[in-house]
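# Residue-level structure breakdown
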Amino acid sequence: MRYGHVVDALGLAIICINLMTWRVARQLRGVDPGYFKTRDGSLHWWDIGSWFCLTGMLFDRRLPASKHGREMRRRIIVIRVLNAFAMGAGLIFLWVTFTHPELIFGQ
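Bear in mind that the values here come from a model prediction, so they are computed numbers and not experimental data.

Checked against the element boundaries, Gly-49 lands in helix α2 (residues 48-59). With 11 residues separating them along the chain, Gly-49 and Thr-38 place their C-alpha atoms 6.0 Å apart.

See the structure below:
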């Protein structure tokens, strides 16, 4: 039995989580314009500096700040939990891929 559909579902989930993370980052930039330190002060998906800022947002201890409001606090916590699940799913996927490749790549 191949697990191609499971891998496709995991990939789709990862894409959705990344889109949600970018959306929350843009909302955070609207609430706190000085938070992201990029060259032009905005977030672009093609800019490596924006990617570093986005990753920093996920691991920043100062967030969620009380001045950003309860709704932004909830959103930041949700994307952190979702990203933690995505990292765990990625590790499980890599473990299955390297220990039992026949489950993913049928013969």
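In this section: the nonpolar core. Judged by nonpolar contacts, the single largest core of 15 residues is most densely connected at Ala-25, Leu-28, Tyr-35, Phe-36, Met-57, Leu-63 and Ile-76. At the level of secondary structure, the elements contributing two or more residues to this core comprise α1 (4-31), α2 and α3 (70-99). Each residue touching Met-57, except ones within four places of it in the same chain, is listed here: Thr-21, Ala-25, Leu-28, Tyr-35, Phe-36, Leu-63, Ile-79 and Arg-80.

On the secondary structure map, Ser-50 appears in helix α2. Of the residues examined, Ser-50 reaches a relative accessible area of 0% and is grouped as buried. The spatial distance from the C-alpha of Ser-50 to the C-alpha of Arg-74 is 22 Å, given a sequence separation of 24 residues.

The N-to-C vectors of α2 and α3 enclose an angle of 105 degrees; their axes lie 9 Å apart at closest approach. In terms of orientation, α2 lies roughly perpendicular with respect to α3. Residue-level contacts link Met-57, Leu-58 and Phe-59 of α2 to Ile-79, Arg-80, Asn-83 and Met-87 of α3.

Moving on: the side chain of Asn-83. Within the secondary structure, Asn-83 is located in helix α3. Overall, the relative accessible area of 10% leaves Asn-83 in the buried class. From its side chain, Asn-83 meets the backbone oxygen of Ile-79 in a polar contact 2.8 Å long. Filtering out sequence-adjacent residues up to four positions away, Asn-83 remains in contact with Ile-17, Thr-21 and Leu-58.

Conventions adopted
Residues numbered from 1 in each chain as written. Predicted model: local features only at pLDDT ≥ 70, side-chain atom pairs only at ≥ 80, totals over all residues. Heavy atoms only, no water. Helix = DSSP H or I, 4+ residues; strand = E, 2+ residues; numbered from the N terminus. Core = buried A, V, L, I, M, F, W, Y, C linked by side-chain atoms within 4.5 Å. Buried < 20%, exposed > 50% of the residue type's maximum accessible area, 1.4 Å probe, protein only. Contact = heavy atoms within 4.5 Å. Axes fitted to C-alpha atoms, helices over the stretch in contact; angles between N-to-C directions. Parallel < 35°, antiparallel > 145°, perpendicular 65-115°, else oblique. Polar contact = N/O pair within 3.5 Å; in protein donor to acceptor, adjacent residues only side chain to side chain.

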